[in-house]
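One-letter residues, chain by chain:
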Amino acid sequence: MTQVDTVPAPGAAPAQRPGPVRRPGSVRVLWLLVVVAVLAALLAASVAVGSRAVGWSEILAALGGSQETIGEAAVTKRIPRTVLAAVVGAALGLSGAVMQGVTRNPLADPGVLGINMGASLAVVVGLAWLGLSSATAIVWTAILGAALAAVFVYAVGSLGRGGPTPLKLALAGTATSAALVSFVTAVALPRGDIAESIQSWEIGGVGGASFRGLGSVAPFLVVGFAVSLLSARALNSLALGDELAAGLGERVVLARGVAALGSVLLCGAATAIAGPIGFVGLVVPHVCRLLVGVDHRWLLPFTALTGACLLIASDVLGRIVARPDEIDVGIITALIGAPFFIYIVRRQKVREL
Amino acid sequence: MTAVVTPPPSSVDAVARYRVRRAARRRLVITVLAVLVVVVFAASLMIGRTFYPPGDVIRVVLGQEVPGATFTVGRLRLPRAVLAVVAGLSFGLAGVTFQTMLRNALASPDVIGITSGAGAAAVFAIVFLGWSGTAVSVTAILAALGVALVMYGLAFTDGVVGTRLILIGIGIAAMGRSVTSYVLSEAGAWDFAEALRWLTGSLNGSTWEATVPALVALVVLAPVLLALTRQLSALQLGDDTASALGIRVDRTRVLAIVAAVGLLAFATAACGPIAFVSFLAGPIAARIVGPNGSLLVPAALVGALLVLVADLVGQFALGSRFPVGVVTGVLGAPYLIYLIVRTNRAGGSL
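Treat the numbers as computed from the prediction; the structure is a model and nothing was measured.

Quick notes on the rules
- Residues numbered from 1 in each chain as written.
- Chains lettered and ligands numbered in written order.
- Predicted model: local features only at pLDDT ≥ 70, side-chain atom pairs only at ≥ 80, totals over all residues.
- Heavy atoms only, no water.
- Helix = DSSP H or I, 4+ residues; strand = E, 2+ residues; numbered from the N terminus.
- Buried < 20%, exposed > 50% of the residue type's maximum accessible area, 1.4 Å probe, protein only.
- Areas by Shrake-Rupley, 256 points an atom, 1.4 Å probe, with all protein chains shown as cover.
- Rg over C-alpha atoms; globule rule 2.2 N^0.38 Å.
- Contact = heavy atoms within 4.5 Å.
- Lys, Arg positive; Asp, Glu negative; His and termini not counted.
- Charge placed at Lys NZ, Arg CZ, Asp CG, Glu CD.
- Core = buried A, V, L, I, M, F, W, Y, C linked by side-chain atoms within 4.5 Å.
- Polar contact = N/O pair within 3.5 Å; in protein donor to acceptor, adjacent residues only side chain to side chain.
- pLDDT = per-residue confidence, 0-100.
- Axes fitted to C-alpha atoms, helices over the stretch in contact; angles between N-to-C directions.
- Parallel < 35°, antiparallel > 145°, perpendicular 65-115°, else oblique.
- Left-handed = near helix turned anticlockwise from the far one by under 90°.
- Expected span 1.5 Å × (residues − 1).
- Bend = angle between axes of the 7 residues up to and from the residue.
- Nonpolar A, V, L, I, M, F, W, Y, C, P; charged D, E, K, R; others polar.
- Salt bridge = Lys/Arg side-chain N within 4 Å of Asp/Glu carboxyl O.
- Phe/Tyr/Trp six-rings, centres within 6.5 Å; stacked < 30°, edge-to-face > 60°.
- Patch = residues over 30% accessible without salt bridge, like charges linked within 9 Å, V, L, I, M, F, W, Y side chains within 5 Å.

Draft legend 1. Broad picture of the overall build of chain A. When its secondary structure is counted, chain A shows 15 helices and zero strands. When each of the 353 residues of chain A is scored for burial, the buried share is 54%. Carbon and sulfur atoms make up 68% of the accessible area of chain A, which amounts to about 14,500 Å² in all.

Draft legend 2. Main features of the overall build of chain B. The number of helices and strands found in chain B is 14 helices and zero strands. Listing each helix as α and each strand as β along chain B from the N terminus yields α-α-α-α-α-α-α-α-α-α-α-α-α-α. Relative to the compact-globule value of 20 Å for 350 residues, chain B shows a C-alpha radius of gyration of 22 Å, a close match. Expressed along its principal axes, the backbone C-alpha trace of chain B runs to roughly 75 × 55 × 35 Å. Relative to its 350 residues, chain B shows a buried fraction of 54%. Of all intrachain contacts in chain B linking residues separated by at least 6 positions in sequence, the fraction that spans at least 24 positions is 75%. When the accessible area of chain B is evaluated, it comes to approximately 15,000 Å², of which 68% is carbon and sulfur surface. Side chains of chain B give 24 positive and 13 negative charges; the mean places of these two sets differ by 11 Å.

Draft legend 3. Representation of the nonpolar core in the model. All names here are of chain B. In terms of nonpolar packing, the biggest core is built from 210 residues, with Ile-114, Leu-167 and Phe-279 touching the most fellow members. The element that contributes the greatest number of residues to this core is helix H3 (residues 69–102), accounting for 18 residues. What Ile-114 contacts, discounting residues up to four positions off in sequence, is Phe-98, Pro-109, Ala-144, Val-147, Ala-148, Val-261 and Leu-264.

Draft legend 4. Quick look at the side chain of Thr-180 of chain B. Residue and element names in this part refer to chain B. Residue placement: Thr-180 occurs in helix H6 (residues 163–186). Under the relative-accessibility criterion, Thr-180 is labelled buried at 3%. At 2.9 Å, the side chain of Thr-180 and the backbone oxygen of Gly-176 are in polar contact. Thr-180 has contacts with Ser-116, Gly-119, Ala-120, Val-123, Trp-198 and Leu-199, leaving out every residue within four places of it along the chain.

Draft legend 5. Looking closely at the confidence of the model for chain B. Residues at a pLDDT of 70 or more form 91% of chain B, whose mean pLDDT is 83. Interface confidence in the predicted complex, given as ipTM, is 0.79; pTM for the same model is 0.82.

Draft legend 6. Expanded view of the packing of helix H4 (residues 115–128) of chain A against helix H5 (residues 135–157) of chain A. Residues and elements named next belong to chain A. Between H4 and H5, the least distance of the axes is 7 Å, while the angle of their chain directions is 135 degrees. It follows from the interaxial angle that H4 and H5 lie oblique. Crossing geometry of H4 relative to H5 is assigned as right-handed. Here Ile-115, Gly-118, Ala-119, Ala-122, Val-123 and Leu-127 of H4 come into contact with H5, specifically with Ile-138, Thr-141, Ala-142, Gly-145, Ala-146, Ala-149 and Ala-150.

Draft legend 7. Expanded view of the confidence of the model for chain A. Residues and elements named next belong to chain A. Scored by pLDDT, chain A has a mean of 82; 89% of the residues are at 70 or more. Within chain A, helix H14 (residues 296–321) carries the highest mean pLDDT (92), whereas helix H7 (residues 192–195) carries the lowest (61). Segment residues 1–20: pLDDT under 50, and 29 contacts once partners within four positions in sequence are set aside and those in other chains are kept.

Draft legend 8. Looking closely at H3 of chain B. Residues and elements named next belong to chain B. Here H3 spans 46 Å end to end across 34 residues, near enough to the 50 Å set by a 1.5 Å rise per residue. Approximately 40 degrees is the largest bend angle found in H3, and it occurs at Arg-77, with the proline Pro-79 only one to four residues beyond. In terms of burial, H3 is largely enclosed, as 30 of its 34 residues are buried. Phi for Arg-103, located one or two positions after H3, is positive at around 55 degrees.

Draft legend 9. Region of the structure containing the packing of H3 of chain B against helix H11 (residues 249–271) of chain B. Residue and element names in this part refer to chain B. With their axes 9 Å apart at the nearest point, H3 and H11 run at an angle of 150 degrees to one another. With respect to each other, H3 and H11 are oriented roughly antiparallel. Between H3 and H11 lies a crossing whose hand is left-handed. Side by side, H3 and H11 meet where Leu-83, Ala-87, Ser-90, Phe-91, Leu-93, Ala-94, Thr-97, Phe-98 and Met-101 of the first sit next to Arg-253, Ala-256, Ile-257, Ala-260, Val-261, Leu-263, Leu-264, Ala-267, Thr-268, Ala-270 and Cys-271 of the second. Counted by class, the contact of H3 with H11 contains 16 nonpolar, three polar and one charged residues.

Draft legend 10. View of the pattern of salt bridges. Residues and elements named next belong to chain A. Here the structure, examined in full by the defined rule, presents six salt bridges over all chains. For Arg-297, the salt bridge is made with Asp-295, and the minimal N-O distance between the two is 3.1 Å. A network of salt bridges, in which partner residues are shared, links Arg-81, Asp-315 and Arg-319.

Draft legend 11. Main features of the packing of aromatic side chains. Inspection of the entire model under this criterion finds eight aromatic pairs over all chains. Between Trp-140 of chain A and Phe-220 of chain A, the aromatic rings sit 5.1 Å apart at their centres with planes inclined by 85 degrees, giving edge-to-face as the arrangement. Of this pair, Trp-140 of chain A sits in helix H5 while Phe-220 of chain A sits in helix H9 (residues 211–230); the two residues are 80 residues apart in sequence, bridging distant segments of the chain. Residue classification places Trp-140 of chain A among the exposed positions, given a relative accessible area of 52%. Overall, Phe-220 of chain A belongs to the buried group, its relative accessible area being 9%. Ring geometry for Phe-279 of chain A and Phe-341 of chain A: centres 6.2 Å apart, planes at 70 degrees, overall edge-to-face. In this pair, Phe-279 of chain A sits in the loop between helix H12 (252–274) and helix H13 (280–292) while Phe-341 of chain A sits in helix H15 (residues 329–346), placing the two residues 62 residues apart along the sequence. On the basis of relative accessibility, which here comes to 12%, the residue Phe-279 of chain A falls in the buried class. Using a relative accessible area of 1% as the deciding quantity, one classes Phe-341 of chain A as buried. Aromatic ring contacts, followed pair by pair, group Phe-276, Phe-279, Tyr-335 and Tyr-338 of chain B into a single cluster.

Draft legend 12. Representation of the environment of Val-54 of chain A. All names here are of chain A. By the element assignment, Val-54 lies in the loop between helix H1 (25–48) and helix H2 (56–63). For the pair Val-54 and Gly-71, spaced 17 residues apart in sequence, the C-alpha separation works out to 5.5 Å. Every residue in contact with Val-54, bar those within four places of it in the chain, is listed here: Ile-59, Gly-71, Val-75 and Arg-78.

Draft legend 13. Molecular detail of a nonpolar patch on the surface. Side chains of Trp-208, Val-212, Leu-215, Val-216, Val-219 and Val-220 of chain B sit close together on the surface and give an oily, nonpolar patch of about 490 Å² of accessible area. Mapped onto the fold, Val-220 of chain B is located in helix H8 (residues 208–227).

Draft legend 14. Quick peek at H14 of chain A. For H14 of chain A, built from 26 residues, the straight-helix expectation of 38 Å at 1.5 Å per residue is met to within 8% by its first-to-last C-alpha distance of 36 Å. Near the N-terminus of H14 of chain A, the side chain that reaches the backbone nitrogen of Arg-297 of chain A, with its oxygen 3.0 Å away, is that of Asp-295 of chain A.

The following block contains the structure:
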């Protein structure tokens, strides 16, 4: 196999990618306002749009707590779903950004690296063989599975010459993901009670949302958000390369471990509640880097907001295009994300971030 | 140690003897594989909830009326076993063709998304267009060719086939799977077993109507690929060397792709994309045969054996009944990881 990504095409000038470097503060604030506005609009749309057409008066009444008509009841069911989509999207977007920073790998994403599927398999095994029932135990299992998958994929991907290159990591991740999907099916299939919802452990969705389920993962998500956001400075140093970061006084291994922990917490908890949703963590950081540049102190909060936007939008789309049924949001994100993945793979300088 | 300098035996003789041994070993392996396929095929006709002795089975196959066995063996087990063999041969042959042509074990059609493209198209034709039979197969073949073409266009722009192609293929495979899931969830009240057929491949509910098109495709297309054996082996040396050897590279490649994709698509339309068979068959065959000539025939036989055995295991060995694709998936995916580990260790630049 050839090292396509390091060898510039013959005759090609040394790539002078303009690259998103630093954006002036005013631009960032502008984009922040835009993203917040989009998020607000999407939140409203997610409550208003669904399989059933509901008038504005009913929506307003439902938001006030009334459930008298069918329309109002439908809207009431859409509220937890919207919140869940926002939270899960934010978690996955942020998790992907941190992962890309930690591994310095533009292809890193909890879905692509097989980490979501690891969480999913752990949950299915826990349900089918260990008789787990409490929501907290399930979240712990999911996070454990995510962590194991992350360590495994990183170990496989960094074998051999050159360490964990983006291509090696992505290949190890997708292969692991394929293996884990097979195991999820094999474990869940004989168990009719779990097999009913087997699809939800292979492709994630936010359809069955409830505030109670959300409450059980909330502590994990809060810790994950805090750890991830606080490692922004460390990620900025790590982006310069391990040696330079150490020279700047960063404890490289510790910083990397903490950031990775935050990211695994986020995607493990997100998978525990919504199933494995891929490609959000891949797409969102790349888009955000174009908007606000590479400074993680801006980038990380931005990816959380944009991730929420993307997942809500995908969910709304899934409800509109398949009326009166709905499409799981994991299918939509894969349809959007896979071409994006191909685009990034095709880019010449895939090795650098 | 006395250093007696023996005159080297005629090296021509040595090479000739080595070649004879090699050819003999190759014939032996192929014979053993073929016998195994026949044995397991026969076993899968006999074994089941009720056991029928070989005599009954033979009489049913010859068209005689045997109480009980005529329905069970003739209508249920025979189409299933035939489809298992046909699909296994098709997947194995197509897989090893791609692996040989692209010089990479990871470049098998199920890893790079061609099979999942065919599966998505087939399920689309069935659910949305209400088609059945050959129309479904034709849709599948068109989609698989389309995917192959897209891959070609996307990955060959820099003139290199390698990890990039495989990653792009993985992206395409993800899209194919999500299209399949989308169509299945659109189908509304789809039943779970039917969904699994299109996600991982299954032989449950095989009928002659589904089996015959795949069988015809195999009979027509397998000879095409076998006739290309020499050219494909030359392609393994690289395009330049191959054309220096007098191979028409582009023509060979187009023919091989069309034939292999045809095999895949017809088999996929009949039983879904049985996971990892086309990926596994080539490397296993290479292990068994060693560097002794073309892998096309051994890989096809290994594919058939894999599907037959996995189907038997899935039906009877595990307590509850698993579709064949789940069994091959559980077997194949760890092998995929092992292959990546080995390539990385060896210092390959994946």
